[in-house]
Amino acid sequence: MILHGTPTGYTLGCRGGECLNHRTALMTCTEAHTRYQGDYAYIKAVDAGTATAEKYAAPKLKPRIIRETPKAAKKRAARIVAVKVHAPKTMGRIPAPFVHGTKRMAEKGCTTNCPNEGLEGGTCREARNRFEKERYAQRKAAGTLSARGAPKNPKWVHGTIIGAVRGCTDCPESPSCLEVRRAYQNERNARRRVA
């Protein structure tokens, strides 16, 4: 026979909802076992045979108020606290500010509705165009143009798509390189629409 509400009942296999003390004011065998694991007074009572199955109500602890003496308060107020001041850490390179009317802002996306519209410096788009023209002029003067400049490939023939890709704009052939390229693109787009 199992004595419910004791650690012995738990040891003999009474667990959870099987216990007769379940949903009553008394401890179940599982609660008694748990209490037996950590409550020293309960351990002594069980070992002496005087423990009951009443639920344990832990006494509420009263808050402990420590009053500061006037001498300690004066000492605390007079204490000087040294504060270390550290130099601010640099977080690497500081980014340049965004200024309208520059190539950088055009690259960041300011192409329409620029606040510099109508001002002396011009818009971001105009600044980018100026930069590209100056760069092209410098490269042309230095002779470092890419394949879009004067053709260096002897196999390049006017009147072909490759000529248009290489930058031919004033083609001596008829049809011109640009016309051949446009015709090819129109034919390709028509095939895509059908498919």
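Rules used in this analysis
Residues numbered from 1 in each chain as written. Predicted model: local features only at pLDDT ≥ 70, side-chain atom pairs only at ≥ 80, totals over all residues. Heavy atoms only, no water. Helix = DSSP H or I, 4+ residues; strand = E, 2+ residues; numbered from the N terminus. Contact = heavy atoms within 4.5 Å. Areas by Shrake-Rupley, 256 points an atom, 1.4 Å probe, with all protein chains shown as cover. Core = buried A, V, L, I, M, F, W, Y, C linked by side-chain atoms within 4.5 Å. Buried < 20%, exposed > 50% of the residue type's maximum accessible area, 1.4 Å probe, protein only. Salt bridge = Lys/Arg side-chain N within 4 Å of Asp/Glu carboxyl O. Patch = residues over 30% accessible without salt bridge, like charges linked within 9 Å, V, L, I, M, F, W, Y side chains within 5 Å. Phe/Tyr/Trp six-rings, centres within 6.5 Å; stacked < 30°, edge-to-face > 60°. Lys NZ or Arg CZ within 6 Å of the ring centre and 35° of its normal. Polar contact = N/O pair within 3.5 Å; in protein donor to acceptor, adjacent residues only side chain to side chain.

Engineer: So, the overall build of the protein: which residues are in play, and what are the values?
Structural biologist: A count of helices and strands for the protein gives 8 helices and 0 strands. For the protein, the α and β elements follow one another from N to C terminus as α-α-α-α-α-α-α-α. Partitioning the contacts of the protein with sequence separation of at least 6, the portion at a separation of at least 24 is 22%. When the accessible surface of the protein is summed, it comes to about 16500 Å², and 56% of that surface belongs to carbon and sulfur atoms.

Engineer: Report on the nonpolar core, specifying residues and quantitative values.
Structural biologist: A general feature of soluble globular proteins is that nonpolar side chains tend to end up buried together. Core analysis: the largest hydrophobic core is formed by 5 residues, namely Met105, Ala106, Cys110, Cys114 and Cys124. In this structure Cys110 touches His100, Met105, Cys124 and Arg125, once residues within four positions along its chain are discounted.

Engineer: Can you lay out the pattern of salt bridges for me, pointing to particular residues and giving the numbers?
Structural biologist: Pairing between side chains becomes possible if they bear opposite charge and their charged atoms approach one another. A full pass over the atoms with the stated rule returns 5 salt bridges. One salt bridge connects Lys103 with Glu107, and the closest N-O pair in it is separated by 2.3 Å. Highlighted residues: Lys103 and Glu107, both in helix H5 (residues 103-108), separated by 4 residues, approximately one helical turn. Overall, the relative accessible area of 23% leaves Lys103 in the partly exposed class. For Glu132, the salt bridge identified is with Arg135, shortest N-O distance 3.6 Å. One end of the pair, Glu132, and the other, Arg135, are both in helix H6 (residues 124-142), 3 residues apart, so they sit about a helical turn from each other. A residue is classified by how much of its surface remains accessible, and Arg135, at 37% relative accessible area, is partly exposed.

Engineer: Report on a nonpolar patch on the surface, specifying residues and quantitative values.
Structural biologist: A cluster of nonpolar residues, Ile161, Val165 and Tyr184, forms a patch on the protein surface that exposes about 240 Å² of accessible area. By the secondary structure assignment, Ile161 is in helix H7 (residues 161-166). Relative accessible area serves as the criterion here: at 31%, Ile161 is assigned to the partly exposed category.

Engineer: Report on the environment of Gln37, specifying residues and quantitative values.
Structural biologist: Following the sequence through the fold, Gln37 ends up in helix H2 (residues 29-38). Residue class for Gln37 comes out exposed when judged on its relative accessible area of 53%. Distance from Gln37 to Pro7, taken between C-alpha atoms, is 9.3 Å for residues 30 residues apart in sequence.

Engineer: Account for the packing of aromatic side chains, naming residues and giving values.
Structural biologist: This structure, assessed with the given rule, holds 0 aromatic pairs. Across the ring face of Phe131, the terminal group of Lys103 is positioned such that the distance to the ring centre comes to 4.7 Å.

Engineer: Could you give me a rundown of unusual backbone geometry, with the residues and numbers involved?
Structural biologist: Unlike most non-glycine residues, Arg23 shows phi in positive territory, near 65°. For Arg23, the location among the structural elements is in the loop between helix H1 (7-11) and H2.

Engineer: So what's going on with the side chain of Thr6? Residues and values would help.
Structural biologist: Position of Thr6 relative to the elements: it lies in the segment before H1. Here the side chain of Thr6 touches Leu3 through a polar contact of 2.7 Å, landing on its backbone oxygen. Residues in contact with Thr6, not counting those within four places in the same chain, are Cys29, Ala32 and Tyr42.

Engineer: I'd love a proper account of the side chain of Asn21, names of residues and values included.
Structural biologist: Examined against the element boundaries, Asn21 turns out to sit in the loop between H1 and H2. By relative accessible area, Asn21 is classed as buried at 10%. Within the structure, the side chain of Asn21 is placed 2.9 Å from the backbone oxygen of Met27, a separation counted as a polar contact. When sequence neighbours within four positions are dropped, the list of residues in contact with Asn21 reads His4, Gly5, Leu26, Met27, Thr28 and Ala53.

On their own, these measurements won't tell you what the molecule is for.
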